[in-house]
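Here's the letter readout for the chains.
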Amino acid sequence: MGNLHFQPLTPSLYDDYIKVGTLAYNQHYKHLWPNGDTYTYIKNSFTAEVLYNEEKDKNTKLFLIVKHTLPIGILKLTNNKNFAHYKTTETLFLDKIYITQEYTGQGIGKAALQFVEAMAKTKSKKVIFLEAMQKGKALNFYLAQDFMIVGTTKVPFDIVIEEEKPMYVLSKEI
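The sections below set out a description of the structure shown in this document.

Here is what the cut-offs are and how they apply
- Residues numbered from 1 in each chain as written.
- Predicted model: local features only at pLDDT ≥ 70, side-chain atom pairs only at ≥ 80, totals over all residues.
- Heavy atoms only, no water.
- Core = buried A, V, L, I, M, F, W, Y, C linked by side-chain atoms within 4.5 Å.
- Buried < 20%, exposed > 50% of the residue type's maximum accessible area, 1.4 Å probe, protein only.
- Helix = DSSP H or I, 4+ residues; strand = E, 2+ residues; numbered from the N terminus.
- Contact = heavy atoms within 4.5 Å.
- Pairing = 2+ DSSP bridges.
- Axes fitted to C-alpha atoms, helices over the stretch in contact; angles between N-to-C directions.

Some thoughts on the nonpolar core
Okay, step 1: Formed by 26 residues in total, the largest nonpolar core has its most connected members in Ile65, Leu75, Leu77, Leu94 and Tyr142.
Okay, step 2: Contributing elements (two or more residues each) for this core: strand S1 (4-8), strand S2 (60-67), strand S3 (70-79), strand S4 (91-99), helix H4 (108-122), strand S5 (127-133) and helix H5 (138-144).
Okay, step 3: Top element by residues in this core is H4. It accounts for 7 residues.
Okay, step 4: Those residues in contact with Tyr142 that lie beyond four places of it in its chain are Ile97, Leu113, Leu130, Ala132, Phe147 and Leu170.
Okay, step 5: Among the nonpolar cores identified, the runner-up in size contains 25 residues, and Leu13, Leu51, Leu62 and Val155 belong to it.

Observations regarding the sheet that holds S4
Okay, step 1: Judged by pairing direction, the sheet is mixed, and its 7 strands sit side by side in the order S1-S2-S3-S4-S5-S7-S6 without closing on themselves. With partners counted over all chains shown, the strands left at the sheet margins are S1 and strand S6 (148-154), one partner each. Averaged over all pairs of adjacent strands, the angle between their axes in this sheet comes to 30 degrees, without regard to strand direction.
Okay, step 2: Sheet topology note: the S5/strand S7 (residues 166-173) ladder contains 7 bridges and is antiparallel. In the sheet register, Val127 faces S7, and the bridge partner there is Glu173.
Okay, step 3: Seen against the sheet, helix H1 (residues 14-29) touches S2, S3, S4 and S5 and runs at an angle of roughly 90 degrees to S3.

From the geometry alone we can't say anything about function, so treat these as descriptive.
Following this line, the structure appears as structure tokens:
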């Protein structure tokens, strides 16, 4: 996809990452929260302090998804996370992929997964895994990209509406 790139996060891009991450999250996930109040998630995901601490973690990789020069989404990857029977060195966790509503459905998610898979292969990973809402629109997207449901989990925040908490764990061997 031309003019799309994945910009590694640096402190000079924190404001863009926070702005686009917050916007995309709120566009897609407000329904999970009582009265649509996503403050708890935002303060745990999209602050300069959170980003600074995540960047210090050598297993965390953060990217701004940019089309032309416009930030349109974010990507967070975690290397070496425990998963199933795999050695931690064989795993890549797709922690966050949020794309703003106006760019959803334009092939950007697919391009992001191709980027993630290429990165995983260069690091000799054997599996990519992620968590997706059981009721969410993204689930069918991941299934169409050859991810398989391998387990269940829940959103970890107590305040989330109970019937919205269920998630699937999905994986794709590479």
